[in-house]
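For reference, the chains in residue letters:
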Amino acid sequence: MAKKTSFASAKNPSQPAEVPLEKAYESQGVEGRIYAAWEKSGYFNPDKLPSQLTKKTAKPFTIMMPPPNRTGILHVGHATGIALQDIMIRFERMRGKRSLWVPGTDHAAISTQVKVEQMLIKEGIKNPRVELGREKFLERVIAFAEDSGKTIVSQTRSMGASCDWSREAYTFDSPRNAAVVEMFRRMSEDGIIERGNRIVNWDPQFRTTLSDDEVLTKEVKAKFLTFSYDKNFPIVISTTRPETKFGDTAVAVHPDDPRYRKFVGKAYEPVFCGKKLRITVIADKAVDPAFGTGALGVTPAHSMIDSEMAERHGLPTVQVIGEDGRMNETAGPGYAGLTVAEAREKIEKSLADAGLLQKVEEVAQNLPVAERGGAPVEQLPMQQWFIRVNKPFKLRQNTLGKWKKGQKATLKQLMAEAVRSGKTDIVPEQFNKVYFHWINNLRDWCISRQIWFGHRVPVWYRGGEQKVSDVSPGKGWEQDPDTLDTWFSSGTWTFSTLGWPKKTPDLKEFHPTDVLETGRDIIFFWVARMVLMSTYALGEVPFKTVYLHGLVRDEQGRKMSKSLGNVLDPRELAGKYGTDAVRLSLIIGLSPGADTKLGEEKIASYRNFTNKLWNISRFILMTTGGVHAPKSRPLPKTLADTWLLGRLDATVAAVTKDLETFSFSHAGETLRDFTWGDLADWYLEIAKIEGGKDAVLSFVLDAVLKLWHPFMPFVTEEIYQRAFIGGAKAKKGAEFLMVMPWPKAKKSDMKSVDKDFGVLRDVVTSLRSIRATYRVEPSKKIDATLVSAKSAALLKKHAVVIASLARVEKLDVLAKGKQPEKTVGDVVSGVSVFVPLGALVDMGAERERLAKELAEIEKYVESLGRKLENADFVSRAPAQVVTGEREKLAAAKDKAAKIKEQIAALE
């Protein structure tokens with residue numbers, strides 16, 4: 001019996017415990033205490049790591065945390081990202097790298113402002129901006145953002161994030177504002193930020209412009225009207241938006257369309273619903289002659305495509321819809337002030353009454369709507385600030401190893417080269433195509449927003465003068481009232497957080513960053529913007545790898561939403577099951593770029609695994625009987641020792657490779673199989689029989705805790721402290737598991753060892769299977785005979801282990817022999833296994849039970865067979881259903897055959 005050793009108690013570190021670890025792991029009593037100790041150590045900061053990790057030879061490893069929006073609380077998507085990033089940071093820190101993980105939050109300008117406006121409306125303030133004014137309104141927004149930021153930081157800590165809080169950043173703080181102003185100034189000087197009148201996406205609900213990425217499409221039913229402007233106009237057109245036709249200045253046809261060739265170049269003045277228009281018929285290859293009538297009414301003021309066509313043909317622009325989403329005075333008589341929907345209905349009736357309406361069809365339409373608020377988006381001509389992505393400019397520095405300082409390139413070229421050159425790699429690879437598709441179709445980026453919360457456009461006006469500055473140039477100057485798109489500031493995230501525009505030591509050491517881990521749905525919004533900003537400002541990519549994770553869905557594969565009532569709160573889950581269990585449940589089963597399912601049953605299973613690891617550790621510590629960290633690799637004394645150490649080496653190598661290649665789920669699965677299977681199910685059971693395993697057990701426990709630490713930081717640190725450091729007796733210095741060296745795999749040829757141990761394992765499994773098949777009571781022991789010419793010596797040597805693991809009373813091992821009478825048999829790994837059942841099983845009753853089971857199975861087989869012989873079923877049913885039924889039939893036939901074998905053995 002192992003001697004009792006004094007260990008510090010988790011609940012009261014000053015009091016010794018009677019046993020190394022309590023019977024059950026209580027996460028709530030551990031996590032807060034452990035995290036506080038980590039923070040106090042300073043090891044989250046790469047500048048304060050133990051001496052071996054602060055040497056000049058130590059390589060940096062950097063991740064910038066995607067800053068959560070200050071609009072509420074963290075959700076499971078955020079929790080997934082935190083878990084993945086923390087795994088990478090802890091892994092690389094233990095590998096000896098100066099690991100820096102910079103945390104922060106995003107002011108998320110429009111999202112936060114909209115959130116607060118909605119809150120204020122609920123408070124009874126119908127028009128918050130008008131009633132409160134800019135200053136008081138911003139006070140409310142800033143206060144909300146501050147409270148939300150504190151909540152998010154607290155939640156991030158609770159997930160075990162080992163990020164450097166001393167470097168915490170906020171996209172709306174002073175250093176980031178300085179970076180935004182400097183970026184705007186440089187881009188203005190280089191001529192790639194310009195102000196001009198163009199067609200923009202306009203949100204009438206919140207009265208602000210939107211980027212293309214902030215506009216969603218919603219499929220709706222719409223009326224497709226076919227009509228003439230008036231009785232004298234020679235061409236019939238079709239549209240779903242007749243209200244915009246007041247702003248038509250041309251009708252476009254394809255130059256090769258013979259139907260309209262004679263009209264091209266002619267001008268007409270039709271009267272459309274009471275308004276006189278000036279229409280020129282133009283030929284343009286952008287027109288699809290097969291769509292509608294093949295003739296397109298061109299509305300330059302309310303369509304980006306039409307605006308581009310107008311530029312090519314020198315057409316005038318006539319705006320007929322205002323910023324409030326209503327028809328303006330330029331629309332036809334009696335239409336000003338009507339909503340778009342009201343005008344549409346009135347026009348349809350007017351055309352029908354005039355005999356001009358030829359056809360009305362109901363069609364599916366992709367309606368553009370605002371991402372926030374969901375209001376239909378209008379395209380309007382407005383004066384805004386734009387970043388010119390297709391305009392060549394002189395580079396300020398050597399860039400991406402392709403361009404020299406002073407050479408010219410466009411931002412779009414820089415963005416494409418960053419990925420095409422391999423300097424930034426996107427995981428999974430298929431998102432490269434998505435990235436390039438977006439880049440190729442990228443238009444100039446409208447960066448000004450008509451909201452109040454955000455970085456103010458740093459431009460000042462006085463008369464005809466204009467200056468870029470973060471402060472007023474003097475008396476009489478007025479600042480542009482607009483703010484900048486939130487992605488303009490967050491686009492500088494990888495380098496503004498390191499001190500840019502100053503040339504800081506952090507910027508020199510930690511940029512480019514190593515990995516950006518983020519959701520696949522944000523590749524256009526943020527990832528591409530950061531590539532744009534970094535390649536422009538620094539001439540280098542912002543990150544070497546982009547790892548994209550998918551959405552976390554519920555157990556049924558549905559998107560989580562409040563309306564469905566299926567939202568899982570990571571805070572509540574962590575309180576109920578423990579943070580380590582939540583982290584594991586988010587990682588295991590996760591594939592890059594793919595959605596994953598999550599339910600409480602899965603989380604509970606990993607809570608059980610957390611307890612399994614605790615109990616494995618408890619058994620080992622009670623067996624070894626002391627607190628001592630292994631100083632060197634132990635020499636194996638038995639086959640089981642050699643096999644386990646070899647399996648550990650293979651696991652270390654596999655997990656290390658998986659983490660290096662971002663195969664996080666596979667790494668966790670491999671480690672789980674080793675821990676629960678090889679170590680717990682086999683080696684620990686053998687250790688109870690053979691004894692003398694202290695050195696191997698301590699060595700393996702040390703390695704297992706290190707391997708699991710990036711995944712399950714809390715429980716592993718707690719066990720490590722209690723097992724190898726001594727709890728309250730821990731000395732100052734590098735005595736936290738999170739800074740211990742990562743295990744290294746020893747290369748050795750394990751083929752013969754794996755083969756020999758595999759024979760023993762297969763024999764024990766066979767004997768256990770026979771017991772289960774014939775329902776031998778667990779308390780009863782069986783007799784067994786093993787016959788093998790090749791493995792007889794091996795089996796005899798380990799007969800005690802086999803007999804103990806399989807609960808065998810009498811075990812005979814023979815080099816050769818026939819199957820004894822009245823026994824059941826099996827053959828595994830070249831070993832014949834025979835077990836007499838006469839004394840253990842009521843042969844008659846067992847035959848009767850099996851016969852009944854066989855009859856039921858055969859009836860099921862017959863039923864499935866008839867079903868699959870039905871040609872009508874096979875032809876009509878989905879392919880996966882038919883395949884499933886065939887698989888069921890094959891499994892049932894196999895089961896019937898095995899039952900027949902069992903019956904034959906009982907004769």
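Treat the numbers as computed from the prediction; the structure is a model and nothing was measured. (Residues numbered from 1 in each chain as written. Predicted model: local features only at pLDDT ≥ 70, side-chain atom pairs only at ≥ 80, totals over all residues. Heavy atoms only, no water.)

Chemist: A description of the overall build of the protein should follow, citing residues and the corresponding values.
Modeler: From N to C terminus, the protein includes 26 helices and 35 strands. The C-alpha extent of the protein, read off along each of the three principal axes, is 110 × 75 × 55 Å. Burial status across the protein gives 54% buried among its 907 residues. In the protein, once contacts between residues fewer than 6 apart in sequence are set aside, the share between residues at least 24 apart is 75%. When the accessible area of the protein is evaluated, it comes to approximately 41600 Å², of which 51% is carbon and sulfur surface. Charge-centre separation for the protein: the mean point of 134 positive side chains lies 4 Å from the mean point of 113 negative side chains. (Helix = DSSP H or I, 4+ residues; strand = E, 2+ residues; numbered from the N terminus. Buried < 20%, exposed > 50% of the residue type's maximum accessible area, 1.4 Å probe, protein only. Contact = heavy atoms within 4.5 Å. Areas by Shrake-Rupley, 256 points an atom, 1.4 Å probe, with all protein chains shown as cover. Lys, Arg positive; Asp, Glu negative; His and termini not counted. Charge placed at Lys NZ, Arg CZ, Asp CG, Glu CD.)

Chemist: Which residues make up unusual backbone geometry, and what are the values?
Modeler: V427 connects to P428 through a cis peptide bond whose omega is 5°. Inspection of the secondary structure assignment puts P428 in the loop between β21 (425-427) and α9 (431-440). In this chain, H511 is followed by P512 through a cis amide linkage whose omega measures 0°. Relative to the assigned elements, P512 resides in the loop between α12 (505-510) and β28 (513-519).

Chemist: Give a description of the sheet that holds strand β17 (residues 357-370) that names residues and reports values.
Modeler: The strand order across the open sheet formed by 3 strands is β10-β9-β17, and the pairing between neighbours is antiparallel. Two strands bound the open sheet, and with one partner strand each, they are β10 (237-239) and β17. Taking the axes of each pair of neighbouring strands and ignoring which way they run, one obtains an average angle of 25° across the sheet. Two strands pair when backbone bridges link them, and strand β9 (residues 215-227) and β17 are joined in this way by 13 bridges, in the antiparallel orientation. Among the inter-strand pairings, E219 is bridged to a residue of β17, identified as N366. In the packing of helix α7 (residues 340-353) onto the sheet, contacts are made with β9 and β17, and the angle to β17 comes to roughly 165°. (Pairing = 2+ DSSP bridges. Axes fitted to C-alpha atoms, helices over the stretch in contact; angles between N-to-C directions.)

Chemist: Kindly report on the nonpolar core, identifying the contributing residues and their values.
Modeler: Counting residues in each nonpolar core, the largest one holds 136 residues, and the members touching the most others are V700, F711 and L767. With 62 residues, the next largest nonpolar core counts M187, L411, W438 and A528 among its residues. (Core = buried A, V, L, I, M, F, W, Y, C linked by side-chain atoms within 4.5 Å.)

Chemist: Run through the packing of helix α21 (residues 751-773) against helix α23 (residues 799-806), naming residues and quoting values.
Modeler: Where α21 meets α23, the closest approach of the two axes is 9 Å, and the angle between their N-to-C directions is 30°. On the basis of their axis angle, the class for α21 and α23 is roughly parallel. The two elements α21 and α23 cross, and the hand of that crossing is right-handed. Here α21 contributes L760, V763, V764, L767, R768 and R771 to the contact with α23, which in turn contributes I802, L805 and A806. A class-by-class count of the residues in the contact of α21 with α23 yields 7 nonpolar, no polar and 2 charged. (Parallel < 35°, antiparallel > 145°, perpendicular 65-115°, else oblique. Left-handed = near helix turned anticlockwise from the far one by under 90°. Nonpolar A, V, L, I, M, F, W, Y, C, P; charged D, E, K, R; others polar.)

Chemist: Before we move on, can you summarise the sheet that holds strand β22 (residues 445-446) with the specific residues and values?
Modeler: The strand order β8-β7-β18-β22 describes an open sheet built from 4 strands, whose pairing is antiparallel. Among the strands making up the open sheet, the edge pair consists of β8 (208-210) and β22. Bridging between strand β7 (residues 193-203) and strand β18 (residues 378-387) involves 10 bridges; their strand directions are antiparallel. Opposite N197, over in β18, you have Q383 as the bridge partner.

On their own, these measurements won't tell you what the molecule is for.
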